[in-house]
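In case you want the letters, here they are:
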Amino acid sequence: MNRFDDLLSHAAATKDRQIRELFENDNRAAEFSAEFGEFLFDYSKTSIDETARDLLVALAERCGVAEKRAAMFSGAKINETENRAVLHTAWRNMAAEVSVDGRDVMPEVRATLGRMQTFAEEVRAGRFTGQGGAITDVVNIGIGGSDLGPAMATLALSSFADGPRCHFVSNVDGAHIHDTLKGLNPETTLVIVASKTFTTIETMTNAETARKWMAAKVANPAAQFAAISSAVDKTAAFGIDPSRVFGFEDWVGGRYSVWSPIGLSLMLAVGPGYFAEFHAGAAAMDRHFREAPFAENLPVLLALVGIWHNQVLGHATRAVLPYEQRLARLPAYLQQLEMESNGKRVSMDGADLPYNSGPVVWGEPGTNGQHAFYQLIHQGTRVIPCEFLVAATGREPDLEHQHLLLVANCLAQSEALLRGRSLAEATEILRKKGLTGAELERQARHRVFPGNRPSTTLLFNKLTPFTLGGIIALYEHRVFVEGVILGINSFDQWGVELGKELALALAPVLDGRSDGAGKDGSTRALAARIRALRG
(Lines give C-alpha, C1' and ligand atoms only; values in the text may rest on other atoms or scores of the structure.)
Protein backbone atom coordinates (compact mmCIF):
# COMPACT_ATOMS: atom_id res chain seq x y z
CA MET A 1 0.00 0.00 0.00
CA ASN A 2 1.28 3.46 -0.94
CA ARG A 3 1.41 5.73 2.10
CA PHE A 4 -0.23 8.45 0.01
CA ASP A 5 -3.21 6.37 -1.17
CA ASP A 6 -5.86 8.20 0.87
CA LEU A 7 -4.50 11.55 -0.24
CA LEU A 8 -4.37 10.43 -3.86
CA SER A 9 -8.00 9.34 -3.65
CA HIS A 10 -9.07 12.67 -2.21
CA ALA A 11 -7.09 14.58 -4.84
CA ALA A 12 -8.74 12.54 -7.60
CA ALA A 13 -12.20 13.21 -6.15
CA THR A 14 -11.62 16.99 -6.06
CA LYS A 15 -9.47 17.44 -9.18
CA ASP A 16 -12.09 19.47 -11.08
CA ARG A 17 -12.55 21.99 -8.30
CA GLN A 18 -10.95 25.39 -8.73
CA ILE A 19 -8.87 26.80 -5.87
CA ARG A 20 -10.81 30.04 -5.96
CA GLU A 21 -14.01 28.11 -5.27
CA LEU A 22 -12.57 27.38 -1.83
CA PHE A 23 -12.67 31.11 -1.09
CA GLU A 24 -16.45 30.98 -1.01
CA ASN A 25 -15.65 30.37 2.66
CA ASP A 26 -14.94 33.92 3.83
CA ASN A 27 -12.66 32.61 6.59
CA ARG A 28 -10.42 30.53 4.35
CA ALA A 29 -7.42 32.89 4.52
CA ALA A 30 -7.47 32.75 8.33
CA GLU A 31 -8.22 29.03 8.54
CA PHE A 32 -5.47 28.07 6.09
CA SER A 33 -2.65 30.13 7.50
CA ALA A 34 -0.51 29.89 10.61
CA GLU A 35 1.46 32.39 12.64
CA PHE A 36 4.58 32.35 14.75
CA GLY A 37 6.12 35.56 16.03
CA GLU A 38 6.34 37.96 13.11
CA PHE A 39 5.85 35.16 10.55
CA LEU A 40 2.58 34.50 8.77
CA PHE A 41 2.47 31.43 6.53
CA ASP A 42 -0.51 31.60 4.15
CA TYR A 43 -1.29 28.42 2.23
CA SER A 44 -4.90 29.30 1.41
CA LYS A 45 -4.09 29.72 -2.30
CA THR A 46 -3.55 25.96 -2.65
CA SER A 47 -6.11 23.23 -3.29
CA ILE A 48 -5.72 21.87 0.24
CA ASP A 49 -9.09 21.72 1.99
CA GLU A 50 -9.96 20.59 5.50
CA THR A 51 -10.05 16.93 4.51
CA ALA A 52 -6.68 17.13 2.76
CA ARG A 53 -5.13 18.92 5.72
CA ASP A 54 -6.48 16.34 8.16
CA LEU A 55 -5.11 13.55 5.99
CA LEU A 56 -1.73 15.26 5.70
CA VAL A 57 -1.45 15.81 9.43
CA ALA A 58 -2.44 12.18 10.02
CA LEU A 59 0.26 11.14 7.54
CA ALA A 60 2.90 13.08 9.48
CA GLU A 61 1.76 11.46 12.69
CA ARG A 62 1.68 7.99 11.15
CA CYS A 63 5.18 8.39 9.71
CA GLY A 64 6.62 9.23 13.13
CA VAL A 65 7.62 12.86 12.58
CA ALA A 66 7.30 13.65 16.29
CA GLU A 67 9.42 10.67 17.30
CA LYS A 68 12.10 11.40 14.71
CA ARG A 69 12.10 15.05 15.73
CA ALA A 70 12.72 14.13 19.36
CA ALA A 71 15.47 11.73 18.31
CA MET A 72 17.21 14.43 16.25
CA PHE A 73 17.21 17.03 19.01
CA SER A 74 18.37 14.47 21.59
CA GLY A 75 21.51 13.56 19.64
CA ALA A 76 20.40 10.13 18.41
CA LYS A 77 22.23 8.91 15.29
CA ILE A 78 19.38 9.41 12.84
CA ASN A 79 21.86 9.67 9.93
CA GLU A 80 21.97 5.91 9.81
CA THR A 81 24.03 5.42 6.64
CA GLU A 82 26.90 7.37 8.18
CA ASN A 83 26.15 6.43 11.81
CA ARG A 84 26.02 10.08 12.84
CA ALA A 85 23.87 12.33 14.98
CA VAL A 86 22.26 15.38 13.35
CA LEU A 87 22.86 18.34 15.65
CA HIS A 88 23.29 21.54 13.68
CA THR A 89 20.63 22.88 16.07
CA ALA A 90 23.10 22.57 18.97
CA TRP A 91 25.10 25.48 17.56
CA ARG A 92 22.21 27.89 18.01
CA ASN A 93 20.16 26.48 20.87
CA MET A 94 22.74 26.79 23.66
CA ALA A 95 20.90 24.02 25.55
CA ALA A 96 22.21 23.02 28.98
CA GLU A 97 23.22 19.60 27.69
CA VAL A 98 23.15 17.70 24.42
CA SER A 99 24.79 14.30 24.47
CA VAL A 100 26.36 12.30 21.68
CA ASP A 101 27.68 8.87 22.66
CA GLY A 102 27.17 9.84 26.29
CA ARG A 103 29.26 13.02 26.03
CA ASP A 104 27.83 16.51 26.47
CA VAL A 105 28.90 18.42 23.35
CA MET A 106 27.73 21.85 24.48
CA PRO A 107 30.87 22.94 26.41
CA GLU A 108 32.93 22.50 23.24
CA VAL A 109 30.30 24.28 21.14
CA ARG A 110 30.27 27.25 23.50
CA ALA A 111 34.06 27.34 23.67
CA THR A 112 34.39 27.39 19.88
CA LEU A 113 31.79 30.13 19.53
CA GLY A 114 33.72 32.09 22.13
CA ARG A 115 36.96 31.70 20.16
CA MET A 116 35.17 32.81 17.00
CA GLN A 117 33.84 35.87 18.77
CA THR A 118 37.27 36.80 20.11
CA PHE A 119 38.88 36.42 16.70
CA ALA A 120 36.11 38.36 14.96
CA GLU A 121 36.39 41.22 17.45
CA GLU A 122 40.17 41.34 17.01
CA VAL A 123 39.86 41.51 13.22
CA ARG A 124 37.04 44.06 13.27
CA ALA A 125 38.86 46.28 15.80
CA GLY A 126 42.13 46.16 13.86
CA ARG A 127 44.02 44.29 16.57
CA PHE A 128 44.55 41.35 14.23
CA THR A 129 46.11 42.81 11.10
CA GLY A 130 47.52 41.80 7.81
CA GLN A 131 51.14 42.42 7.00
CA GLY A 132 50.15 45.75 5.48
CA GLY A 133 47.65 46.99 8.06
CA ALA A 134 44.09 46.35 9.25
CA ILE A 135 42.11 43.67 7.45
CA THR A 136 39.95 45.27 4.76
CA ASP A 137 38.76 42.14 2.95
CA VAL A 138 37.93 38.52 3.79
CA VAL A 139 37.92 35.78 1.16
CA ASN A 140 35.99 32.67 2.17
CA ILE A 141 37.08 29.66 0.12
CA GLY A 142 34.71 26.71 0.29
CA ILE A 143 32.13 24.85 -1.77
CA GLY A 144 28.62 23.58 -1.25
CA GLY A 145 27.43 24.29 2.27
CA SER A 146 30.81 25.80 3.13
CA ASP A 147 30.06 28.51 0.59
CA LEU A 148 26.33 28.80 -0.05
CA GLY A 149 25.34 29.31 3.59
CA PRO A 150 27.68 32.16 4.53
CA ALA A 151 27.48 33.72 1.04
CA MET A 152 23.68 33.77 1.16
CA ALA A 153 23.51 35.05 4.74
CA THR A 154 26.18 37.73 4.28
CA LEU A 155 24.32 39.17 1.31
CA ALA A 156 21.00 38.92 3.15
CA LEU A 157 22.38 40.89 6.11
CA SER A 158 24.49 43.32 4.10
CA SER A 159 22.58 46.26 5.56
CA PHE A 160 23.97 45.23 8.99
CA ALA A 161 27.55 44.78 7.79
CA ASP A 162 30.14 47.17 9.22
CA GLY A 163 33.20 44.91 9.17
CA PRO A 164 35.63 43.95 6.42
CA ARG A 165 34.24 43.27 2.98
CA CYS A 166 33.52 39.56 2.47
CA HIS A 167 34.02 37.70 -0.78
CA PHE A 168 33.27 34.08 -1.59
CA VAL A 169 35.10 31.68 -3.89
CA SER A 170 33.77 28.21 -4.58
CA ASN A 171 34.21 27.16 -8.21
CA VAL A 172 37.41 25.37 -9.19
CA ASP A 173 37.20 27.34 -12.42
CA GLY A 174 40.24 29.61 -12.14
CA ALA A 175 38.17 32.54 -13.35
CA HIS A 176 36.31 32.63 -10.03
CA ILE A 177 39.32 33.11 -7.78
CA HIS A 178 41.14 35.23 -10.35
CA ASP A 179 38.29 37.70 -10.64
CA THR A 180 37.78 37.78 -6.86
CA LEU A 181 41.40 38.43 -5.95
CA LYS A 182 42.35 40.85 -8.71
CA GLY A 183 40.87 43.88 -6.95
CA LEU A 184 42.15 43.04 -3.46
CA ASN A 185 45.29 43.94 -1.57
CA PRO A 186 47.18 40.81 -0.41
CA GLU A 187 48.64 42.74 2.51
CA THR A 188 45.22 43.47 4.05
CA THR A 189 43.26 40.36 3.05
CA LEU A 190 42.30 37.49 5.35
CA VAL A 191 41.64 34.14 3.66
CA ILE A 192 39.36 31.58 5.32
CA VAL A 193 39.67 28.03 4.01
CA ALA A 194 36.47 26.14 4.84
CA SER A 195 36.84 22.38 4.51
CA LYS A 196 36.07 20.00 7.36
CA THR A 197 38.61 17.43 6.08
CA PHE A 198 40.95 19.98 4.47
CA THR A 199 41.00 17.70 1.41
CA THR A 200 38.09 18.99 -0.71
CA ILE A 201 39.78 19.26 -4.09
CA GLU A 202 38.06 22.43 -5.30
CA THR A 203 38.64 24.23 -2.01
CA MET A 204 42.26 23.17 -1.57
CA THR A 205 43.10 24.02 -5.19
CA ASN A 206 41.73 27.54 -4.68
CA ALA A 207 43.50 27.78 -1.31
CA GLU A 208 46.86 27.04 -2.94
CA THR A 209 46.15 29.67 -5.59
CA ALA A 210 45.30 32.24 -2.91
CA ARG A 211 48.47 31.40 -0.99
CA LYS A 212 50.62 31.92 -4.11
CA TRP A 213 48.83 35.21 -4.81
CA MET A 214 49.50 36.40 -1.29
CA ALA A 215 53.11 35.15 -1.25
CA ALA A 216 53.96 37.54 -4.06
CA LYS A 217 53.42 40.48 -1.68
CA VAL A 218 53.76 39.26 1.92
CA ALA A 219 56.53 37.41 3.70
CA ASN A 220 54.34 34.95 5.60
CA PRO A 221 51.07 34.24 3.74
CA ALA A 222 49.90 31.59 6.20
CA ALA A 223 49.75 34.29 8.89
CA GLN A 224 46.77 35.75 7.03
CA PHE A 225 44.91 32.46 6.70
CA ALA A 226 42.29 30.93 8.99
CA ALA A 227 40.73 27.51 8.61
CA ILE A 228 37.33 26.01 9.30
CA SER A 229 38.39 22.42 9.67
CA SER A 230 38.67 19.50 12.04
CA ALA A 231 41.85 18.22 10.36
CA VAL A 232 44.32 20.04 12.59
CA ASP A 233 47.27 18.06 11.25
CA LYS A 234 46.55 19.24 7.71
CA THR A 235 45.93 22.85 8.70
CA ALA A 236 49.24 22.82 10.60
CA ALA A 237 51.01 21.45 7.52
CA PHE A 238 49.49 24.34 5.55
CA GLY A 239 51.06 26.70 8.09
CA ILE A 240 47.92 27.98 9.81
CA ASP A 241 48.32 28.71 13.51
CA PRO A 242 46.02 26.55 15.70
CA SER A 243 44.52 29.70 17.24
CA ARG A 244 42.96 30.44 13.84
CA VAL A 245 41.59 26.94 13.25
CA PHE A 246 37.93 26.42 14.15
CA GLY A 247 36.57 22.90 13.94
CA PHE A 248 33.20 21.20 14.23
CA GLU A 249 32.06 17.62 14.61
CA ASP A 250 30.75 15.28 11.94
CA TRP A 251 27.21 15.64 13.32
CA VAL A 252 26.96 18.94 11.44
CA GLY A 253 26.40 18.44 7.71
CA GLY A 254 27.79 20.97 5.27
CA ARG A 255 24.45 22.33 4.09
CA TYR A 256 23.36 22.78 7.72
CA SER A 257 26.62 24.36 8.90
CA VAL A 258 26.15 28.13 8.62
CA TRP A 259 25.49 28.19 12.41
CA SER A 260 28.89 26.65 13.12
CA PRO A 261 32.38 28.05 12.39
CA ILE A 262 31.38 27.95 8.71
CA GLY A 263 29.57 31.20 9.56
CA LEU A 264 32.81 32.94 10.60
CA SER A 265 32.80 35.19 7.52
CA LEU A 266 29.26 36.31 8.41
CA MET A 267 30.36 37.06 11.98
CA LEU A 268 33.29 39.09 10.65
CA ALA A 269 30.94 41.07 8.42
CA VAL A 270 28.12 41.87 10.85
CA GLY A 271 29.79 41.37 14.23
CA PRO A 272 29.22 38.86 17.04
CA GLY A 273 26.13 40.67 18.32
CA TYR A 274 24.13 40.35 15.12
CA PHE A 275 25.49 36.82 14.64
CA ALA A 276 24.01 35.95 18.04
CA GLU A 277 20.66 37.43 16.94
CA PHE A 278 20.85 35.27 13.81
CA HIS A 279 21.29 32.25 16.09
CA ALA A 280 18.46 33.40 18.34
CA GLY A 281 16.01 33.59 15.44
CA ALA A 282 16.81 30.02 14.46
CA ALA A 283 16.55 28.84 18.08
CA ALA A 284 13.10 30.42 18.35
CA MET A 285 11.98 28.52 15.24
CA ASP A 286 13.45 25.34 16.73
CA ARG A 287 11.28 25.77 19.82
CA HIS A 288 8.20 26.43 17.70
CA PHE A 289 8.93 23.32 15.64
CA ARG A 290 9.26 21.20 18.77
CA GLU A 291 6.23 22.59 20.61
CA ALA A 292 3.48 23.66 18.19
CA PRO A 293 0.75 21.20 17.14
CA PHE A 294 1.24 19.97 13.60
CA ALA A 295 -1.76 21.91 12.26
CA GLU A 296 -0.22 25.15 13.59
CA ASN A 297 3.45 24.29 13.07
CA LEU A 298 5.07 26.33 10.29
CA PRO A 299 7.81 23.84 9.31
CA VAL A 300 5.35 20.95 9.36
CA LEU A 301 2.76 22.84 7.32
CA LEU A 302 5.36 23.95 4.79
CA ALA A 303 6.44 20.32 4.43
CA LEU A 304 2.87 19.04 4.12
CA VAL A 305 2.13 21.56 1.38
CA GLY A 306 5.25 20.32 -0.41
CA ILE A 307 4.13 16.70 -0.09
CA TRP A 308 0.65 17.59 -1.38
CA HIS A 309 2.05 19.33 -4.45
CA ASN A 310 4.82 16.86 -5.31
CA GLN A 311 3.89 13.36 -4.17
CA VAL A 312 0.09 13.76 -4.37
CA LEU A 313 -0.54 16.12 -7.29
CA GLY A 314 2.63 15.25 -9.19
CA HIS A 315 4.09 18.73 -9.61
CA ALA A 316 7.78 17.99 -10.07
CA THR A 317 9.22 21.43 -9.33
CA ARG A 318 8.70 24.30 -6.91
CA ALA A 319 9.74 27.91 -7.39
CA VAL A 320 11.09 29.88 -4.42
CA LEU A 321 10.43 33.56 -5.08
CA PRO A 322 11.73 36.01 -2.46
CA TYR A 323 10.50 39.55 -3.00
CA GLU A 324 13.60 40.83 -1.23
CA GLN A 325 16.73 41.59 -3.26
CA ARG A 326 19.06 40.76 -0.38
CA LEU A 327 17.62 37.22 -0.40
CA ALA A 328 18.83 36.78 -3.97
CA ARG A 329 20.93 33.74 -3.00
CA LEU A 330 18.20 32.07 -0.94
CA PRO A 331 16.80 30.01 -3.85
CA ALA A 332 20.28 28.61 -4.58
CA TYR A 333 20.80 27.89 -0.89
CA LEU A 334 17.47 26.09 -0.64
CA GLN A 335 18.18 24.27 -3.87
CA GLN A 336 21.15 22.59 -2.23
CA LEU A 337 19.41 22.18 1.13
CA GLU A 338 16.41 20.40 -0.38
CA MET A 339 17.80 18.62 -3.42
CA GLU A 340 20.94 17.28 -1.75
CA SER A 341 18.94 16.26 1.31
CA ASN A 342 15.88 14.68 -0.28
CA GLY A 343 17.12 13.81 -3.76
CA LYS A 344 17.23 10.11 -2.90
CA ARG A 345 15.91 6.95 -4.58
CA VAL A 346 15.93 4.42 -1.75
CA SER A 347 14.29 4.33 1.67
CA MET A 348 16.13 3.98 4.96
CA ASP A 349 16.19 0.18 4.57
CA GLY A 350 17.71 0.40 1.07
CA ALA A 351 14.54 -0.51 -0.84
CA ASP A 352 13.60 1.41 -3.98
CA LEU A 353 11.10 4.19 -3.31
CA PRO A 354 7.66 3.45 -4.81
CA TYR A 355 7.02 7.18 -5.27
CA ASN A 356 8.96 10.30 -6.22
CA SER A 357 11.37 11.86 -3.74
CA GLY A 358 12.16 15.57 -3.49
CA PRO A 359 11.21 18.12 -6.16
CA VAL A 360 13.39 20.31 -8.34
CA VAL A 361 13.84 23.59 -6.44
CA TRP A 362 14.69 26.82 -8.24
CA GLY A 363 13.90 30.51 -8.26
CA GLU A 364 15.01 34.12 -8.42
CA PRO A 365 14.08 37.26 -6.53
CA GLY A 366 11.07 39.30 -7.57
CA THR A 367 10.49 41.43 -9.52
CA ASN A 368 13.34 40.24 -11.76
CA GLY A 369 11.73 36.84 -12.24
CA GLN A 370 8.54 38.46 -13.53
CA HIS A 371 10.47 39.53 -16.61
CA ALA A 372 12.18 36.15 -17.04
CA PHE A 373 10.27 32.94 -16.28
CA TYR A 374 6.88 33.98 -14.88
CA GLN A 375 5.49 33.68 -18.42
CA LEU A 376 5.89 29.91 -18.16
CA ILE A 377 4.49 29.85 -14.62
CA HIS A 378 1.34 31.72 -15.66
CA GLN A 379 0.65 30.33 -19.14
CA GLY A 380 2.85 27.28 -19.58
CA THR A 381 1.48 23.75 -19.81
CA ARG A 382 2.99 22.59 -16.50
CA VAL A 383 1.83 23.66 -13.05
CA ILE A 384 4.67 25.02 -10.91
CA PRO A 385 3.78 25.66 -7.25
CA CYS A 386 5.25 28.98 -6.11
CA GLU A 387 6.53 29.95 -2.67
CA PHE A 388 6.58 33.72 -2.19
CA LEU A 389 8.52 35.38 0.64
CA VAL A 390 8.03 39.07 1.36
CA ALA A 391 8.68 41.61 4.12
CA ALA A 392 5.99 44.10 5.05
CA THR A 393 8.61 46.80 5.62
CA GLY A 394 11.83 47.56 3.78
CA ARG A 395 15.15 48.57 5.31
CA GLU A 396 15.43 51.86 3.41
CA PRO A 397 12.91 54.34 4.91
CA ASP A 398 13.51 56.91 2.20
CA LEU A 399 12.66 54.30 -0.47
CA GLU A 400 9.53 52.91 1.18
CA HIS A 401 7.47 53.83 -1.88
CA GLN A 402 9.57 51.36 -3.85
CA HIS A 403 9.11 48.69 -1.23
CA LEU A 404 5.33 49.10 -1.39
CA LEU A 405 5.53 48.66 -5.16
CA LEU A 406 7.58 45.49 -4.57
CA VAL A 407 5.00 44.13 -2.12
CA ALA A 408 2.15 45.01 -4.49
CA ASN A 409 3.86 43.01 -7.22
CA CYS A 410 4.25 40.02 -4.91
CA LEU A 411 0.60 39.98 -3.89
CA ALA A 412 -0.50 40.59 -7.48
CA GLN A 413 1.44 37.59 -8.73
CA SER A 414 -0.13 35.19 -6.25
CA GLU A 415 -3.57 36.65 -7.01
CA ALA A 416 -3.02 36.26 -10.77
CA LEU A 417 -1.92 32.65 -10.32
CA LEU A 418 -5.10 31.98 -8.36
CA ARG A 419 -7.64 33.86 -10.48
CA GLY A 420 -6.28 33.71 -14.00
CA ARG A 421 -8.22 35.34 -16.84
CA SER A 422 -10.97 33.58 -18.80
CA LEU A 423 -11.49 33.70 -22.54
CA ALA A 424 -14.64 35.77 -22.00
CA GLU A 425 -12.72 38.31 -19.92
CA ALA A 426 -9.90 38.53 -22.45
CA THR A 427 -12.40 38.91 -25.30
CA GLU A 428 -14.21 41.75 -23.57
CA ILE A 429 -10.95 43.62 -22.91
CA LEU A 430 -9.95 43.42 -26.57
CA ARG A 431 -13.46 44.23 -27.84
CA LYS A 432 -13.24 47.53 -25.95
CA LYS A 433 -9.99 48.18 -27.81
CA GLY A 434 -11.78 47.80 -31.14
CA LEU A 435 -10.94 44.26 -32.22
CA THR A 436 -13.67 42.27 -33.96
CA GLY A 437 -14.35 38.98 -35.72
CA ALA A 438 -11.80 36.23 -36.12
CA GLU A 439 -8.92 38.47 -35.09
CA LEU A 440 -10.67 39.25 -31.82
CA GLU A 441 -10.99 35.56 -30.99
CA ARG A 442 -7.42 34.76 -32.06
CA GLN A 443 -5.87 37.54 -30.02
CA ALA A 444 -8.07 36.82 -27.00
CA ARG A 445 -6.89 33.22 -26.81
CA HIS A 446 -3.30 34.44 -26.39
CA ARG A 447 -4.39 36.47 -23.37
CA VAL A 448 -6.07 33.68 -21.44
CA PHE A 449 -4.53 32.75 -18.08
CA PRO A 450 -5.73 29.37 -16.81
CA GLY A 451 -5.31 30.36 -13.16
CA ASN A 452 -5.92 27.69 -10.52
CA ARG A 453 -2.15 27.64 -9.93
CA PRO A 454 -1.07 27.15 -6.32
CA SER A 455 1.13 29.39 -4.24
CA THR A 456 2.05 30.03 -0.63
CA THR A 457 3.24 33.26 0.97
CA LEU A 458 5.60 33.64 3.91
CA LEU A 459 5.12 37.15 5.24
CA PHE A 460 7.38 38.77 7.85
CA ASN A 461 7.87 42.28 9.12
CA LYS A 462 11.43 43.16 8.11
CA LEU A 463 14.59 41.29 7.12
CA THR A 464 16.81 41.23 10.23
CA PRO A 465 19.39 38.76 11.58
CA PHE A 466 16.70 37.27 13.86
CA THR A 467 14.25 36.92 10.97
CA LEU A 468 16.82 35.39 8.65
CA GLY A 469 17.73 32.82 11.29
CA GLY A 470 14.07 31.89 11.57
CA ILE A 471 13.64 31.57 7.80
CA ILE A 472 16.62 29.25 7.40
CA ALA A 473 15.60 27.08 10.37
CA LEU A 474 12.04 26.94 9.00
CA TYR A 475 13.28 25.47 5.73
CA GLU A 476 15.75 23.13 7.43
CA HIS A 477 12.94 21.60 9.46
CA ARG A 478 10.67 21.51 6.41
CA VAL A 479 13.26 19.35 4.64
CA PHE A 480 13.52 17.12 7.71
CA VAL A 481 9.75 16.58 7.90
CA GLU A 482 9.46 15.82 4.19
CA GLY A 483 12.34 13.33 4.51
CA VAL A 484 10.68 11.54 7.41
CA ILE A 485 7.39 11.29 5.51
CA LEU A 486 9.22 9.96 2.45
CA GLY A 487 11.10 7.45 4.62
CA ILE A 488 14.54 8.54 3.41
CA ASN A 489 17.79 9.75 4.98
CA SER A 490 17.94 13.52 4.48
CA PHE A 491 21.42 13.81 5.94
CA ASP A 492 23.75 11.88 3.66
CA GLN A 493 24.77 12.83 0.11
CA TRP A 494 26.31 9.85 -1.62
CA GLY A 495 25.13 11.21 -4.95
CA VAL A 496 27.98 13.73 -5.03
CA GLU A 497 30.69 11.06 -4.76
CA LEU A 498 30.72 9.22 -8.10
CA GLY A 499 31.38 12.26 -10.27
CA LYS A 500 34.21 13.38 -7.96
CA GLU A 501 35.85 9.97 -8.17
CA LEU A 502 35.59 9.90 -11.96
CA ALA A 503 36.99 13.44 -12.23
CA LEU A 504 40.17 12.35 -10.44
CA ALA A 505 40.53 9.44 -12.84
CA LEU A 506 40.05 11.70 -15.87
CA ALA A 507 42.86 14.13 -15.02
CA PRO A 508 45.60 11.87 -16.52
CA VAL A 509 43.44 11.30 -19.61
CA LEU A 510 43.20 15.02 -20.23
CA ASP A 511 46.93 15.68 -19.84
CA GLY A 512 47.92 12.66 -21.96
CA ARG A 513 49.30 10.41 -19.23
CA SER A 514 46.59 7.86 -19.92
CA ASP A 515 44.84 6.70 -23.08
CA GLY A 516 41.48 6.49 -21.32
CA ALA A 517 41.13 2.75 -21.62
CA GLY A 518 37.88 1.66 -20.01
CA LYS A 519 36.16 4.97 -20.64
CA ASP A 520 33.12 5.15 -22.91
CA GLY A 521 33.56 6.28 -26.49
CA SER A 522 32.04 9.70 -25.95
CA THR A 523 34.27 10.54 -22.98
CA ARG A 524 37.40 9.34 -24.83
CA ALA A 525 36.49 11.38 -27.92
CA LEU A 526 35.80 14.52 -25.91
CA ALA A 527 39.08 14.13 -24.01
CA ALA A 528 40.97 13.68 -27.27
CA ARG A 529 39.40 16.78 -28.74
CA ILE A 530 40.25 18.80 -25.62
CA ARG A 531 43.89 17.64 -25.81
CA ALA A 532 44.00 18.65 -29.46
CA LEU A 533 42.50 22.09 -28.80
CA ARG A 534 44.94 22.70 -25.96
CA GLY A 535 47.83 21.81 -28.24
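Relevant structure appears above.
Parameters and conventions
- Residues numbered from 1 in each chain as written.
- Predicted model: local features only at pLDDT ≥ 70, side-chain atom pairs only at ≥ 80, totals over all residues.
- Heavy atoms only, no water.
- Axes fitted to C-alpha atoms, helices over the stretch in contact; angles between N-to-C directions.
- Helix = DSSP H or I, 4+ residues; strand = E, 2+ residues; numbered from the N terminus.
- Parallel < 35°, antiparallel > 145°, perpendicular 65-115°, else oblique.
- Left-handed = near helix turned anticlockwise from the far one by under 90°.
- Contact = heavy atoms within 4.5 Å.
- Salt bridge = Lys/Arg side-chain N within 4 Å of Asp/Glu carboxyl O.
- Buried < 20%, exposed > 50% of the residue type's maximum accessible area, 1.4 Å probe, protein only.
- Core = buried A, V, L, I, M, F, W, Y, C linked by side-chain atoms within 4.5 Å.
- Pairing = 2+ DSSP bridges.
- Nonpolar A, V, L, I, M, F, W, Y, C, P; charged D, E, K, R; others polar.
- Polar contact = N/O pair within 3.5 Å; in protein donor to acceptor, adjacent residues only side chain to side chain.

Caption draft 1: The arrangement of the packing of helix α13 (residues 298-312) against helix α19 (residues 465-486) in detail. Between α13 and α19, the least distance of the axes is 8 Å, while the angle of their chain directions is 50 degrees. As judged from the angle between their axes, α13 and α19 are oblique. Two packed elements cross with a definite hand, and for α13 against α19 that hand is right-handed. Together, L298, P299, V300, L302, A303, L304, G306, I307 and Q311 of α13 and L474, Y475, H477, R478, V481, E482, I485 and L486 of α19 make up the contact between the two elements.

Caption draft 2: Structural detail: the pattern of salt bridges. What the rule picks out here adds up to 26 salt bridges. For R326, the salt bridge identified is with E396, shortest N-O distance 2.8 Å. Of this pair, R326 sits in the loop between β12 (317-323) and α14 (330-342) while E396 sits in the loop between β14 (386-391) and α16 (400-419), and the two are 70 residues apart along the sequence. Linking R419 and E415 is a salt bridge whose minimum nitrogen-to-oxygen distance equals 3.3 Å. Of this pair, R419 and E415 are both found in helix α16, 4 residues apart, which corresponds to roughly one turn of the helix.

Caption draft 3: Structural detail: unusual backbone geometry. With an omega of 15 degrees, the peptide bond between G366 and T367 qualifies as cis. Here T367 lies in the loop between β13 (360-362) and α15 (374-379). With a phi angle near 55 degrees, N83 is a residue other than glycine that sits in the positive phi range. On the secondary structure map, N83 appears in the loop between α4 (65-74) and α5 (90-93). Positive phi is not limited to glycine here, since F198 has a value of about 60 degrees. Relative to the elements of secondary structure, F198 occurs in the loop between β9 (189-194) and α9 (201-215). On the basis of relative accessibility, which here comes to 5%, the residue F198 falls in the buried class.

Caption draft 4: Structural context of the nonpolar core. In terms of nonpolar packing, the biggest core is built from 110 residues, with W251, F278, Y333, L468 and I485 touching the most fellow members. Counting residues per element, this core draws most heavily on α19, at 12 residues. Non-local contacts of W251, meaning those with residues more than four positions away in its chain, are made with A85, V86, L87, H88, A90, W91, V100, V105 and V109. V191, F198, A210 and M214 belong to the second largest nonpolar core, which has 21 residues in total.

Caption draft 5: The arrangement of the sheet that holds β12 in detail. Within the open sheet, the 6 strands sit side by side as β1-β2-β15-β14-β12-β13. Their pairing is mixed. Since the sheet does not close on itself, it has two edges, and those belong to β1 (33-36) and β13, each with one partner. When the angles between neighbouring strand axes are averaged without regard to direction, this sheet yields 15 degrees. Across 3 bridges, β12 lies against β13 in parallel orientation. Its bridge partner being in β13, T317 is matched across the sheet by V360.

Caption draft 6: Region of the structure containing the packing of helix α1 (residues 5-13) against helix α3 (residues 50-62). For the pair α1 and α3, the least separation of the axes is 10 Å and the interaxial angle reads 170 degrees. By the angle between their directions, the pair α1 and α3 is classed as roughly antiparallel. Counted together, D6, L7 and H10 of α1 and T51, A52, L55, L56, L59 and R62 of α3 form the full contact between these two elements. Here the contact of α1 with α3 is composed, by residue class, of 5 nonpolar, 2 polar and 2 charged.

Caption draft 7: Region of the structure containing the side chain of T14. The topology assignment puts T14 in the loop between α1 and α2 (28-31). A relative accessible area of 19% places T14 in the buried class. Here the side chain of T14 touches H10 through a polar contact of 2.9 Å, landing on its backbone oxygen.

Caption draft 8: Main features of the sheet that holds strand β11 (residues 245-246). Reading across from one edge, β8-β7-β9-β10-β11 is the order of the 5 strands in this open sheet, with parallel pairing throughout. Here the strands that pair on one side only, and so sit at the sheet edges, are β8 (165-169) and β11. Pairing geometry for β9 and strand β10 (residues 225-228), over 4 bridges, is parallel. Counterpart to V193 in the pairing with β10 is A227. Sheet contacts for helix α8 (residues 174-181): β7 (137-141) and β8; angle to β8, the most-contacted strand, approximately 165 degrees.

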